[in-house]
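Listed below, chain by chain, are the residues.
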Amino acid sequence: MKKAITSFLFLFLISCSTSHKTIESKPLYEILTSQEDGGATIRFFEILSEEREIKMLQNDAFLKNKINADDTKTANFIILNMGEKTTLGYTISIQNVEETPLKIIITTEDNEPKSKQTEEKEVFYYPYTIVKVNSKKEIVIQ
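Owing to the predicted nature of the structure, the values given are computational and were not obtained by experimental measurement.

Student: Got a minute to help me understand the environment of Glu51 in this structure?
Tutor: For Glu51, the location among the structural elements is in helix α2 (residues 51-57). Considered as a pair, Glu51 and Asp71 are 20 residues apart in the sequence and their alpha carbons are 8.9 Å apart.

So, in structure tokens, the structure goes:
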């Protein structure tokens, strides 16, 4: 009988443990890099969802340690190019991200330099931003 009571008390004390497992949730999106130069000459947005496309990003110096092997299976990536600009200071940013049951809607915003700089003749800059979306849902960019 003593063994049964001791066993019961032992099991009771173990079940009252104070440790809780927490599940870390990733943010819906992350800005991996935003650069004032180094993008494309024309304005375009590209969604990368296939493993071979995403692996291409891992060769970029700014992204090499920000993308891991699991990301190719669980995330999509977006390249936002502003096109050709005549001064530094332009950026493209995420204004809003909305998740619906079927898709992710992303609203972007073009940002001009805070102070007006003198345009440089025959020197051009190509601002871009790369975003990681922690979902494989369809992405719509507005």
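Student: Please explain the sheet that holds strand β5 (residues 103-111) as it appears in this structure.
Tutor: Strand pairing in a sheet takes place through backbone hydrogen bonds and is either antiparallel or parallel in direction. Pairing in this open sheet of three strands is mixed, and the strands run β4-β5-β7 from one edge to the other. The open sheet is flanked by β4 (91-99) and β7 (138-141), the only strands paired with a single partner. The mean angle between the axes of side-by-side strands here comes to 30°, regardless of whether they run parallel or antiparallel. Note that β5 and β7 share four bridges and pair parallel. By the bridge assignment for β7, Ile106 is matched with Ile141.

Student: What is the right way to read the pairing of strand β3 (residues 76-81) from this model?
Tutor: Here is the key point about a regular strand: its side chains alternate between the two faces of the sheet. The buried count for β3 comes to six of six residues, which makes it a mostly enclosed element. Residues of β3 alternate between two faces, with Asn76, Ile78 and Leu80 on one and Phe77, Ile79 and Asn81 on the opposite face, all of them buried. With five bridges joining them, strand β2 (residues 44-48) and β3 adopt antiparallel strand pairing. Of the residues in β3, the one forming a bridge with Ile47 is Ile78. Examined bridge by bridge, β3 and strand β6 (residues 128-133) share six bridges and lie antiparallel to one another. Considered in β6, the bridge of Asn76 is made with Val133.

Student: What am I meant to see in the pattern of salt bridges here?
Tutor: As a working rule, side chains carrying opposite charge can pair if their charged atoms are close by. As enumerated under the stated definition, the model contains six salt bridges in all. When the shortest N-O distance is used, the salt bridge between Glu30 and Lys132 registers 3.8 Å. Here Glu30, found in strand β1 (residues 29-35), pairs with Lys132, found in strand β6; they are 102 residues apart in sequence, far enough to count as distant. Between Glu50 and Arg52 there is a salt bridge; the shortest N-O distance is 3.0 Å. Linked through salt bridges whose partners overlap, the residues forming this network are Glu30, Asp71 and Lys132.

Student: How should the sheet that holds β1 be read in this particular structure?
Tutor: As summarised here, the arrangement of the four strands in space is β1-β6-β3-β2, forming an open sheet in which the pairing is antiparallel. Sheet topology places β1 and β2 at the edges, where each strand pairs with a single neighbour. Strand-to-strand twist across the sheet, computed as the mean angle between neighbouring axes with direction ignored, equals 15°. The pairing of β1 with β6 spans six bridges and is classified as antiparallel. When the bridges of β6 are listed, Tyr29 appears paired with Val133.

Calculation rules
- Residues numbered from 1 in each chain as written.
- Predicted model: local features only at pLDDT ≥ 70, side-chain atom pairs only at ≥ 80, totals over all residues.
- Heavy atoms only, no water.
- Helix = DSSP H or I, 4+ residues; strand = E, 2+ residues; numbered from the N terminus.
- Pairing = 2+ DSSP bridges.
- Axes fitted to C-alpha atoms, helices over the stretch in contact; angles between N-to-C directions.
- Buried < 20%, exposed > 50% of the residue type's maximum accessible area, 1.4 Å probe, protein only.
- Salt bridge = Lys/Arg side-chain N within 4 Å of Asp/Glu carboxyl O.

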